[in-house]
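# Summary of the model geometry
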Amino acid sequence: MTIVVTGAAGFVGFHLSAALLKRGETVLGVDNFDPYYSVELKRARAAELARQPGFRLIEADIGQADTVKLIQDAAGEITGIANMAANPGVRASDDRPFDFIASNIGGELCALELARHAGRPVPLVYASTSAVYGASEEMPFSPNDRADRPKSLYGATKRAAELISLSYASRFGIGSTALRFFTVYGPWGRPDMATWKFTKALFEGEKIELYNFGRMTRGFTYVEDTVQAVLLALEKPAAPGEHRTLNVGSAGAETLERYLAVLERAVGRQAEVERVAAHPAEMFDTVADISETERVLGWRPTTTIDVGLPKFVEWYRAFHKL
Ligand SMILES: NC(=O)c1ccc[n+]([C@@H]2O[C@H](COP(=O)([O-])OP(=O)(O)OC[C@H]3O[C@@H](n4cnc5c(N)ncnc54)[C@H](O)[C@@H]3O)[C@@H](O)[C@H]2O)c1
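No experiment lies behind these values; they were computed from the predicted model shown.

Calculation criteria
Within every chain, residues take consecutive numbers counted from 1 along the sequence as written. Two thresholds apply to this predicted model, a pLDDT of at least 70 for residue-level local features and 80 or more for giving and counting side-chain atom pairs, whereas whole-chain, interface and lining totals are computed over all residues. Hydrogen atoms and water are omitted, and side-chain values are computed over all heavy atoms in the structure. Each helix corresponds to a stretch of at least 4 residues labelled H or I by DSSP, and each strand to a stretch of at least 2 residues labelled E; elements are numbered beginning at the N terminus. Restricting the calculation to C-alpha atoms gives the radius of gyration, and the globule rule supplies 2.2 Å times the number of residues raised to the power 0.38. For every residue, the accessible area obtained with a 1.4 Å probe (protein chains only) is divided by the maximum for its type, and the residue is called buried under 20%, exposed over 50%, and partly exposed between those limits. Any two residues whose heavy atoms approach within 4.5 Å at even a single point are treated as in contact. Accessible surface area values rest on a Shrake-Rupley calculation with a 1.4 Å probe, where residue burial reflects the displayed protein chains alone. In this count, Lys and Arg are taken as positive residues and Asp and Glu as negative ones, while His and the chain termini are left out. In what follows, salt bridge is the name for a side-chain nitrogen of Lys or Arg lying within 4 Å of a carboxyl oxygen of Asp or Glu. Space inside and on the surface of the protein is sampled on a 1 Å grid over the protein atoms alone, with a cavity defined as a set of points where a 1.4 Å probe fits but cannot get out and a pocket as an open set with protein on both sides within 12 Å along at least 5 of 7 lines; lining residues have an atom within 4 Å of a point. Grid points are joined across faces, edges and corners, and a volume is the space filled by probe spheres set on the points. Under the convention adopted here, Pro, Cys and the residues Ala, Val, Leu, Ile, Met, Phe, Trp and Tyr are nonpolar, Asp, Glu, Lys and Arg are charged, and Gly plus all remaining residues are polar. Only strands that DSSP links by at least two bridges are regarded as paired with each other. Fitted lines through C-alpha atoms serve as axes, helices being fitted only where they are in contact, and the angles separating the N-to-C directions of these axes extend from 0 to 180 degrees. By convention in this text, a residue qualifies as near a molecule or strand provided that one of its non-hydrogen atoms is within 4 Å of it. Here a polar contact is recorded for every N or O atom pair within 3.5 Å, except that within protein the pair must consist of a potential hydrogen donor and a potential acceptor, and residues adjacent in sequence are included only if both atoms are side-chain atoms.

In this section: the overall build of the chain. When helices and strands are tallied, the chain shows 11 helices and 14 strands. In terms of C-alpha radius of gyration, the chain reaches 19 Å, essentially the compact-globule figure of 20 Å for 322 residues. Along the three orthogonal principal directions, the C-alpha set of the chain runs to about 55 × 45 × 35 Å. Each of the 322 residues in the chain was classed as buried or not, and the buried ones make up 55%. In the chain, once contacts between residues fewer than 6 apart in sequence are set aside, the share between residues at least 24 apart is 83%. Counting every atom, the chain has about 13700 Å² of accessible surface; 51% of that belongs to carbon and sulfur.

Let us look at the side chain of Lys158. In this fold, Lys158 is placed in helix 6 (residues 153–172). Comment: no salt bridge for buried Lys158; closest opposite-charge side chain is Glu108, at 7.4 Å. Setting aside chain neighbours within four positions, we find Lys158 in contact with Ala86, Asn104, Ala127, Ser128, Thr129 and Val132.

Let us look at empty space enclosed by the protein. Considering all chains together, one arrives at 2 cavities of 30 Å³ or more under this definition. There is about 50 Å³ of room inside the largest cavity. The set of elements that each furnish at least two residues to the lining of the largest cavity consists of strand 7 (184–185) and helix 7 (194–204). Grouping the constituent residues of the lining of the largest cavity by class yields 6 nonpolar, 3 polar and 1 charged. Taken as a whole, the second largest cavity encloses approximately 40 Å³ of empty space. In this structure, the second largest cavity is lined by Asn83, Ala85, Asn104, Glu108, Tyr126, Ala127, Lys158 and Ala161. Looking at the lining of the second largest cavity, the elements that each hand over two or more residues are helix 5 (97–116), strand 5 (124–129) and helix 6. Grouping the constituent residues of the lining of the second largest cavity by class yields 4 nonpolar, 2 polar and 2 charged.

Moving on: the sheet that holds strand 11 (residues 243–248). Reading across the sheet, the 7 strands line up as 3-2-1-4-5-6-11 and stay open at both edges, with parallel pairing between neighbours. The two strands at the open ends of the sheet, each matched to only one other strand, are strand 3 (55–59) and strand 11. Taking each pair of neighbouring strands and ignoring which way they run, the sheet shows an average axis angle of 20 degrees. One ladder, built from 5 bridges, connects strand 5 with strand 6 (residues 176–181); its direction is parallel. When the bridges of strand 6 are listed, Ser128 appears paired with Arg180.

Further remarks concern unusual backbone geometry. Here the residue pair Met139 and Pro140 is connected by a cis peptide bond, since its omega of -5 degrees sits within 30 degrees of zero. If you trace the backbone, Pro140 turns up in the loop between strand 5 and helix 6. The phi torsion at Phe33 lies on the positive side, around 50 degrees, for a residue other than glycine. Examined against the element boundaries, Phe33 turns out to sit in the loop between strand 2 (27–31) and helix 2 (39–50). One non-glycine residue, Phe213, lies in positive phi territory at about 55 degrees. Mapped onto the secondary structure, Phe213 falls in the loop between strand 8 (207–210) and strand 9 (217–218). On the basis of relative accessibility, which here comes to 38%, the residue Phe213 falls in the partly exposed class.

Turning next to the site of the ligand. Taken together, 30 residues form the shell around the ligand, and within it Asp31, Tyr37, Tyr154, Lys158 and Val184 come nearest. Asn32 places a main-chain nitrogen or oxygen 3.2 Å from a nitrogen atom of the ligand. A distance of 2.9 Å is found between a nitrogen atom of the ligand and a backbone nitrogen or oxygen belonging to Ile62. For the ligand, whose free accessible area comes to 810 Å², the fraction covered by protein is 98%. Sorting the residues of the shell around the ligand by element identifies helix 1 (11–22), strand 5 and helix 6 as the ones contributing at least two each. With 3 residues, the single largest contributor to the shell around the ligand is strand 5.

As structure tokens, this is what we get:
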């Protein structure tokens, strides 16, 4: 009786695994420790999880066909699959396009193949992203909107993974849930994301670049709220043959300016800010319509940035012994 969590050494996969273990579940983590950002940080997350008896980790690449068998053999009876592994990042996908295709599309195929050969319906949840909305201008983004104008290869790989999952629903009756995450933040977060970069710059007295001259809004979501959505989607899975697409973002939008102001207060320092143009693949506003998520899963985020950001800063201080 094992729940497979891919990307378990990653930010969201780590928190999800910890939450499942806390509920007494047995978790098989899978991660290839991709070097996109600090492998040391990924090892530290994995070491935290390894301290708990219900956790095992296999180091494997879910973009490889052989990994399906590897996971089947290690897991035994699979009772849930959460595919949180991916090569993330809009800008990073410019530099490693083949890796993004392999991990994000091939990786979802691995999760689907596990479900297909499980012998009975298995709850399958996977991480998609607000980046699938790309150049859509209708705000807030709704899962009922068209999502066929990606602005980045990253967004395109995630949308492709959704379509492949849809094909498995109709062809093999594999039910699955795509959760489109909107900018997740919190303790043990990612060094390539704004929360970490801004906090680091504040502590080190470095200049902070605000893209699109600071004119950006985001549906920032605290990691525990995000994990709660994954847990609910596993508990209330898609029916056989059903593919669900749900937004997981905060109900309100925050400007980058206010986000930075809350961080400044938490760190206790004033930022030196430079307002710069946005990267062409970057989206200016990503605000979520979560009414469908609320209806289907009964999910609503509860943590505001005024509560969540200080928790990140507290963790950052402790982790770096500041
Ligand atoms: N963090 C966010 O704000 C955010 C927003 C939207 C979507 N997402 C999606 O949520 C999921 C989790 O994101 P995250 O922030 O935890 O990213 P992360 O990079 O911290 O975690 C992903 C993990 O997957 C692993 N991985 C990558 N390729 C792999 C492969 N081929 N085989 C096995 N493991 C592999 C990495 O080593 C990493 O530990 C990803 O699918 C990401 O695209 C995240």
